[in-house]
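A closer look at the structure
So the chains spell out like this:
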Amino acid sequence: MKTITLEQSDNAQDCAVTLRNRARLRANQNLLFWYHELYRDQFKGFPDPAALSILEVGSGTSPLKQFLSSVVTSDVLDLDYLDHVFDCHEIDKLDSISDGSLDVITLTNVLHHLKSPVAFLNRAANKLKSGGKVIATEPFFSMLSTPIFKYLHHEPVDTEIAEPELKTVRGPLASANIALPWLIFFRRRDWTHSVGQNYDVANSSIRFFSAMSYMATGGISHRVPIPAWLYRAFFHIDLFLSRCFPNLCASFFTIVLSRR
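A few points on the structure.

Cut-offs applied
- Residues numbered from 1 in each chain as written.
- Predicted model: local features only at pLDDT ≥ 70, side-chain atom pairs only at ≥ 80, totals over all residues.
- Heavy atoms only, no water.
- Helix = DSSP H or I, 4+ residues; strand = E, 2+ residues; numbered from the N terminus.
- Contact = heavy atoms within 4.5 Å.
- Buried < 20%, exposed > 50% of the residue type's maximum accessible area, 1.4 Å probe, protein only.
- Arc of directions from axis to C-beta.
- Phe/Tyr/Trp six-rings, centres within 6.5 Å; stacked < 30°, edge-to-face > 60°.
- Lys NZ or Arg CZ within 6 Å of the ring centre and 35° of its normal.
- Salt bridge = Lys/Arg side-chain N within 4 Å of Asp/Glu carboxyl O.

Remarks on the environment of Ile97
Counting through the fold element by element, Ile97 comes out in the loop between β3 (84-85) and β4 (102-108). Each C-alpha atom of the pair Ile97 and His84 lies 9.4 Å from the other, and the pair is 13 residues apart in sequence. If we ignore the near neighbours within four places in the chain, the residues touching Ile97 are Leu55, His84, Leu102 and Lys127.

Rendered as structure tokens:
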């Protein structure tokens with residue numbers, strides 16, 4: 001009789017949850033619109049994103065390929081619709097992607113799930129061309145979003161960590177500290193300096209993205225029955241406010257790092 005290990009069981013469960021979340025996201029038109037606007041913002045600095053060599057890390061649930069068909073997808077979970085399956089902490093050892101071959105590595109709400117996000121970023125630099133970009137979108141802790149992330153969101157928040165790492169790892173979906181990227185890029189200059197080994201951090205671009213419009217979609221787990229026309233009008237007002245008053249109400253930020 002074949003023995004199934006705890007790790008195999010966790011991976012199977014994570015795959016099932018990812019497939020369920022992927023289906024829920026695609027059925028939520030307001031959430032899809034939110035992602036469409038996010039991706040448009042992420043790549044607005046590139047005249048022709050379709051002509052670039054782009055690797056997405058953490059593609060399990062992501063709808064990016066739906067909007068940018070040329071993107072190369074990857075995840076640690078073995079899902080049949082992905083181009084690559086590997087642990088991104090070992091991206092520098094991945095032979096199927098040549099060193100210095102990528103224009104962009106993009107991640108959306110992925111860094112806060114990684115055991116060692118700083119180590120990942122520095123290893124990922126090996127795969128980027130000189131001047132290549134990492135585009136990462138992560139939660140931002142403003143006066144409005146902090147209580148939401150701390151008390152209403154299901155993922156853990158720990159702002160008192162001593163190192164830029166997760167304390168425990170229980171699997172790619174269960175392991176998280178959604179404050180981790182915010183701490184690295186906004187609160188701990190020494191951690192930011194560690195990223196600067198391979199990236200021009202001093203000239204990095206940071207843009208804030210949305211206040212309550214993600215929550216108004218219901219996210220992955222729920223669907224709020226707001227008509228599309230009303231949601232889209234609200235979205236643009238929400239985006240404007242998040243950029244005018246980020247410390248008051250922004251809920252996400254996108255950082256663009258350039259490879260030295």
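Re helix α5 (residues 145-152)
For α5, the complete set of buried residues consists of Ser145, Ile148 and Phe149. Taken end-on, α5 shows its buried residues confined to a sector of 90°, consistent with a single buried face. Contacts from the buried residues of α5 go to β5 (128-139).

Overview of the packing of aromatic side chains
With the rule as written, the count across this model stands at 22 aromatic pairs. Ring centres 5.4 Å apart and planes at 80° place the aromatic pair Phe33 and Phe235 in the edge-to-face group. Within this pair, whereas Phe33 is found in helix α2 (residues 29-42), its partner Phe235 is found in helix α8 (residues 228-244), the two being separated by 202 residues in sequence. Accessibility assignment for this pair places Phe33 and Phe235 in one class, buried. Relative to Tyr35, the ring of Trp34 has its centre 5.1 Å away and its plane inclined at 85°; by these criteria the two rings are edge-to-face. Neither residue differs from the other here; Trp34 and Tyr35 are each classed as buried. The side chain of Arg22 reaches across the aromatic face of Tyr81, ending 3.7 Å from its centre.

Some thoughts on the pattern of salt bridges
Counted under the stated rule, the structure contains 9 salt bridges. Between Asp41 and Lys44 there is a salt bridge, with its nearest N and O atoms 3.6 Å apart. Look at Asp41 and you get buried, because its relative accessible area is 7%. In the salt-bridge network here, residues are joined through shared partners; they are Asp41, Lys44, Arg207 and Arg243.

Some remarks on the environment of Val71
Relative to the elements of secondary structure, Val71 occurs in the loop between α3 (64-67) and β2 (72-75). Residue class for Val71 comes out buried when judged on its relative accessible area of 1%. Along the backbone, Val71 and Val85 are 14 residues apart, and their C-alpha atoms lie at a distance of 15 Å.

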